[in-house]
Number of protein chains: 2
Amino acid sequence: MVFWKSLFNGSESTSASKETLFSGDPLEVTGTTYAENGARICFSLTRELDLYELEELCDAVGWSRRPLRKVRKAMEHSFLVVSMWYIKGAKRRLIGFARATSDHAFNATIWDVVVHPDFQSQGLGKSLMKYTIDKLRSADISNITLFADPQVVDFYNRLGFLVDPEGIKGMFWYPD
Amino acid sequence: MVFWKSLFNGSESTSASKETLFSGDPLEVTGTTYAENGARICFSLTRELDLYELEELCDAVGWSRRPLRKVRKAMEHSFLVVSMWYIKGAKRRLIGFARATSDHAFNATIWDVVVHPDFQSQGLGKSLMKYTIDKLRSADISNITLFADPQVVDFYNRLGFLVDPEGIKGMFWYPD
């Protein structure tokens with residue numbers, strides 16, 4: 001069953017795109033989806049996330065815990081921070097996340113892509129990535145890269161990411 | 001012949017490390033080498049490079065030209081900009097360059113590593129990379145990555161970079 005309908009349907013998202021999830025800095029909420037149970041999926045670019053809520057999301061997919069101090073710093077210095085929300089009535093829940101580092105000109109690298117297990121296999125990871133790519137492309141970034149674990153290479157491939165194009169290899173430094 | 005001697009030799013670089021190559025912002029000049037002809041190799045972290053000089057360096061290795069406006073922006077938003085200089089008397093020449101994007105906390109990605117052909121095969125690329133890695137490690141960045149063209153994979157491998165560790169794949173996005 002395709003549970004979430006018409007993601008990125010401009011005509012449906014008009015009113016919701018003016019909504020704000022967070023007080024304070026202006027933020028963008030777009031890509032709204034209307035689900036069958038009346039809930040919506042929203043994307044936000046705010047950096048004012050509750051880090052404990054983010055940690056809970058990362059815990060849910062089994063990631064190693066990281067110091068919140070460093071997570072906060074990484075968010076501050078990411079070029080793009082994307083969060084995905086399940087909203088039903090007055091309740092909202094963080095269900096997805098991605099961020100990107102960048103030189104703001106040529107290159108961006110996407111890190112920490114996560115969708116809560118309760119919301120996987122519904123096309124939301126794809127939507128999260130498309131939203132992220134769209135924002136990077138809007139910023140005139142031409143080279144979008146990432147490092148993919150083996151089990152998600154096919155997922156990213158279907159989104160247009162190529163492994164080792166022209167023999168270019170992703171490499172990780174380890175101390176001698 | 002090993003032309004450049006004792007790179008990163010603390011005892012020899014003490015006085016030179018206090019030198020400034022650029023007026024204005026304070027900058028760091030370290031890793032000085034004393035060559036047989038009295039010239040020195042210095043590393044700098046300044047972002048105040050002459051972009052035409054940088055373009056000349058990139059031209060020398062056959063890179064495609066990029067708009068200087070975007071190069072300037074990329075330098076401003078890089079976490080680290082490393083330049084390598086050949087200095088003899090009052091003359092100085094830009095002979096190497098590397099930069100890194102980062103979230104300032106976990107990840108850094110190194111881009112645009114270049115050594116002028118006149119100065120290749122003398123261990124200077126290795127020194128440039130070691131200097132760059134050292135600076136990233138000093139900033140407590142644990143995950144240092146890059147994307148390597150096929151012909152330089154072995155070079156980076158000798159520096160401790162691994163291809164696809166645990167099956168992690170570097171991927172590049174291309175539009176559908």
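Residue positions within a chain follow its written sequence, with the count starting from 1. By the order in which they are written, chains take letters starting at A while ligands take numbers starting at 1. Side-chain atom pairs in this predicted model are given and counted only at pLDDT of 80 or more, local residue features only at pLDDT of at least 70, and totals for whole chains, interfaces and linings cover all residues. Just so you know, side-chain values use all the structure's heavy atoms and leave hydrogens and water out.

Q: Talk me through the relation of the copies chain B and chain A; I want residue IDs and the actual numbers.
A: Here the copies were fitted onto each other by least squares, based on C-alpha atoms from residues at pLDDT of at least 70 in both. It takes a turn of 180 degrees to lay chain B on chain A, together with a shift of 0.0 Å along the axis; the resulting RMSD is 0.0 Å. Taken together, the turn and the small shift mark the pair as related by a two-fold rotation axis. Identified as the residue of chain B closest to the rotation axis by C-alpha distance is G170(B), at 2.0 Å. Interface overlap between copies is the fraction of interface residues in one copy that are interface residues in the other; for chain B against chain A it reaches 100%, indicating a shared surface. Contact between two residues is taken to exist if any of their heavy atoms lie within 4.5 Å; hydrogens are not considered.

Q: Before we move on, could you go through the packing of helix α2 (residues 51-60) of chain A against helix α3 (residues 68-76) of chain A and cite the residues and values that matter?
A: Residues and elements named next belong to chain A. The N-to-C vectors of α2 and α3 enclose an angle of 100 degrees; their axes lie 11 Å apart at closest approach. One finds that α2 runs roughly perpendicular with respect to α3. On the side of α2, the interface is formed by L51, Y52, L54 and E55, while α3 contributes L68, V71, R72 and M75. In this classification, the charged set is Asp, Glu, Lys and Arg, the nonpolar set is Ala, Val, Leu, Ile, Met, Phe, Trp, Tyr, Cys and Pro, and all remaining amino acids, among them Gly, are polar. Split into classes, the residues belonging to the contact of α2 with α3 amount to six nonpolar, no polar and two charged. With axes taken as lines fitted to C-alpha atoms, and helix axes fitted only over the stretch in contact, angles between N-to-C directions fall between 0 and 180 degrees. A helix here means a DSSP run of H or I that spans at least four residues, while a strand means a run of E at least two residues long, and both kinds are numbered starting from the N terminus. Under this scheme an angle from 65 to 115 degrees is roughly perpendicular, one under 35 degrees roughly parallel, and one over 145 degrees roughly antiparallel; angles in between are oblique.

Q: If you had to explain the environment of E53(B) to someone new, which residues and values would you point to?
A: The residue E53(B) is located in helix α2 (residues 51-60) in this model. In this structure, the C-alpha to C-alpha distance between E53(B) and L94(B), residues 41 residues apart in sequence, is 7.0 Å.

Q: Requested: an account of the nonpolar core, with residues and values cited.
A: Here is a general trend for soluble globular proteins: nonpolar side chains tend to be buried in one another's company. For this analysis, a nonpolar core means a set of buried residues of the types Ala, Val, Leu, Ile, Met, Phe, Trp, Tyr and Cys, connected via side-chain atoms within 4.5 Å. When a residue's accessible area, from a 1.4 Å probe over protein chains only, is under 20% of the maximum for its type it is buried; when over 50% it is exposed; and in between it is partly exposed. Counting 31 residues, the largest nonpolar core has M84(A), I110(A), L136(A), I144(A), L146(A), Y156(A) and F161(A) as its most contacted members. If you list the elements that add at least two residues to this core, you get β3 (40-44), β4 (80-88), β5 (91-102), β6 (107-115), α4 (124-138), β7 (143-148) and α5 (153-158) of chain A together with β9 (169-173) of chain B. Among the elements that make up this core, the one with the highest residue count is α4(A) (six residues). Those residues in contact with Y156(A) that sit more than four places away from it in its chain are V113(A), M129(A), L146(A), A148(A), F161(A) and M171(B). Listed in part, the 30 residues of the second largest apolar core include M171(A), A39(B), M129(B) and Y131(B).

Q: Any chance you could break down the confidence of the model for chain A for me, citing the residues and the numbers?
A: In predicted models, pLDDT denotes the confidence assigned by the predictor to each residue on a 0 to 100 scale. Considering every residue of chain A, the mean pLDDT works out to 85; 79% of them sit at 70 or more. Low confidence marks residues 1-18 of chain A, where pLDDT is under 50. Its contacts with residues over four positions away, or in another chain, come to 37 contacts.

Q: An account of the packing of aromatic side chains is needed here, citing residue identities and associated values.
A: By convention here, two paired aromatic rings are described through the distance between centres and the angle between planes. In this analysis, rings of Phe, Tyr and Trp, with Trp reduced to its six-membered ring, are considered paired at centre separations within 6.5 Å, and the interplanar angle assigns stacked below 30 degrees, edge-to-face beyond 60, and tilted for intermediate values. Scanning the model with the defined rule gives 13 aromatic pairs over all chains in all. The interplanar angle of 15 degrees and the centroid separation of 4.7 Å between the aromatic rings of F43(A) and Y131(A) together place this pair among those described as stacked. One end of the pair, F43(A), is in strand β3; the other, Y131(A), is in helix α4, with 88 residues separating them in the sequence. In this structure an aromatic cluster arises from ring pairing among W111(A), F147(A), F172(A), W111(B), F147(B) and F172(B). For a lysine, the NZ atom is tested; for an arginine, the CZ atom; a charge sits over a ring if that atom is within 6 Å of the ring centre and within 35 degrees of the ring normal. The ring of F106(B) has R66(A) lying over it, and the distance from NZ or CZ to the ring centre is 4.5 Å.

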